[in-house]
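# A look at the structure
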Amino acid sequence: MNPKIEKLIKQFAKLPRVGARGGQRIVLALLQDKTGRAAALATVLSDAATSIAPCPRCGVLTDRDSDACEFCRDSSRANGQLCVVRDLADVWTLEKASVFHGRYHIIGGVLSGAAGTMPDDLNIASLPARIADEKITEIIFALPNTVEGKTTQHYVMSIVQDSSDVAFSELASGVPLGGDLDYIDDGTLTLAFGGRKTL
Ligand SMILES: [Zn+2]
């Protein structure tokens, strides 16, 4: 195989849910396309890679040169509620279901001894200052319903509790054990959000 093609397949194969065979299919489709799709993809990818960065406040991907994302700029979302999620996909899931109208805080993972994810690897230390700055009154946890997710939730509570009297809640039952938010239908998510439990 041509080394350039091989290199390309390897890059695609590393992407989530693609794998070696998927990588081959994508590369073939791109390189054999006669409408210039490969070049167009290269341009938009390069543009996004250089101009997109996490929002310095909440972690949502946004324009690198802006100091806040669409959610943090939107004053109607300053309702005192802050939803703590693992990653941006969870924000998209919650937005699609229109269940939450406050602000988000993406921590970027969950604590895991097995995976070697420690508190310093996550976006947690900035939370107490954010709670004070934005007058947050309720933190809603929408982390994965796993042992790691619960451990992370307790850790976040321990960090935040000392510096503020914010209330905590978590999504009600309906979120399947071990399940990610993106596998839940909008109706179940709305119920889980509406019936959230105070911690
Ligand atoms: Zn933001």
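Here, residues in each chain are numbered from 1, in the same order as that chain's written sequence. This being a predicted model, a pLDDT of at least 70 is required before a residue's local features are given, and a value of 80 or more before pairs of side-chain atoms are given or counted; all residues contribute to the totals for chains, interfaces and linings.

## Let's talk about the overall build of the chain
Put simply, DSSP marks the helices as runs of H or I at least four residues long and the strands as runs of E at least two long, and each gets a number from the N terminus on. When helices and strands are counted, the chain shows eight helices and seven strands. Oriented by its inertia axes, the alpha-carbon framework of the chain measures out at about 60 × 35 × 35 Å. Note on burial: count the other C-beta atoms lying within 10 Å of the residue's C-beta; 20 or more is buried, 12 or fewer is exposed, in between is partly exposed, and C-beta positions come from the backbone. A total of 199 residues make up the chain; the buried ones form 25% of that total. Considering only contacts in the chain between residues 6 or more positions apart, those separated by 24 or more positions represent 55%. Contacts here follow a simple rule: the backbone-placed C-beta atoms of the two residues must lie within 7 Å.

## A look at the nonpolar core
Note on soluble globular proteins: their nonpolar side chains tend to be buried together. Joined through C-beta atoms within 7 Å, a set of buried Ala, Val, Leu, Ile, Met, Phe, Trp, Tyr and Cys residues constitutes a nonpolar core. Counting residues in each nonpolar core, the largest one holds 33 residues, and the members touching the most others are C83, V84, V85 and A142. Mapped onto this core, the elements with two or more residues apiece are β3 (81-85), α5 (88-97), β4 (103-106), α6 (127-133), β5 (138-141), α7 (147-161) and α8 (186-194). If we skip the residues at most four places from it in the chain, C83 touches L94, F100, G102, Y104, I140 and A142.

## A look at the domain arrangement of the chain
In this entry, domain limits derive from an automatic or database-based domain assignment. Examined at the domain level, the chain breaks down into domain 1 (3-49) and domain 2 (75-198). Placing a centre on the C-alpha atoms of domain 1 and another on those of domain 2 gives a separation of 34 Å.

## Quick look at the pairing of β3
Within β3, four of the five residues are buried, leaving the element largely enclosed by the surrounding structure. Being paired, for any two strands, means DSSP has found at least two bridges between them. As paired strands, β3 and β5 are joined by four bridges and run parallel to one another. Opposite Q81, over in β5, you have E138 as the bridge partner. The crossover handedness rule: strands pointing away from the viewer, path from first strand over the helix to second strand clockwise, crossover right-handed. Handedness of the crossover joining β3 and β4 through α5 is recorded here as right-handed.

## Looking at the packing of helix α1 (residues 3-13) against helix α2 (residues 19-32)
Close contact between α1 and α2 brings their axes to 8 Å; oriented N to C, the two are set at 125°. Our classification of the angle between α1 and α2 gives oblique. Our pair here, α1 against α2, has a crossing hand that is right-handed. Residues I5, L8, I9, F12 and A13 of α1 touch α2, and the partners they reach there are G19, A20, G23, Q24, I26 and V27. Amino acids outside the nonpolar list (Ala, Val, Leu, Ile, Met, Phe, Trp, Tyr, Cys, Pro) and the charged list (Asp, Glu, Lys, Arg) are all regarded as polar, and Gly is one of them. Classifying every residue of the contact of α1 with α2 by side-chain character gives eight nonpolar, three polar and no charged. For helices, the fitted axis covers only the stretch in contact; all axes are lines through C-alpha atoms, and the angles between them, taken along N-to-C directions, range from 0 to 180 degrees. Angles below 35 degrees are treated as roughly parallel, those above 145 as roughly antiparallel, those between 65 and 115 as roughly perpendicular, and all remaining angles as oblique. Left-handed is the label given to a crossing in which the near helix is rotated counterclockwise from the far helix by less than a right angle, and right-handed is the label when the rotation is clockwise.

## Focus: the sheet that holds strand β7 (residues 197-198)
With mixed pairing, the five strands of this open sheet are ordered in space as β4-β3-β5-β6-β7. With partners counted over all chains shown, the strands left at the sheet margins are β4 and β7, one partner each.

## Topic: the pairing of β5
In this structure, β5 lies alongside strand β6 (residues 167-170), joined through four bridges in parallel fashion. By the bridge assignment, E138 is partnered in β6 with A167. Crossover handedness for the path β5 to α7 to β6: right-handed.

## A closer look at the environment of L41
By secondary structure assignment, the location of L41 is in helix α3 (residues 37-51). Look at L41 and you get partly exposed, because 13 C-beta atoms sit within 10 Å. As a C-alpha pair, L41 and L30 span eleven residues in sequence and 8.9 Å in three-dimensional space.

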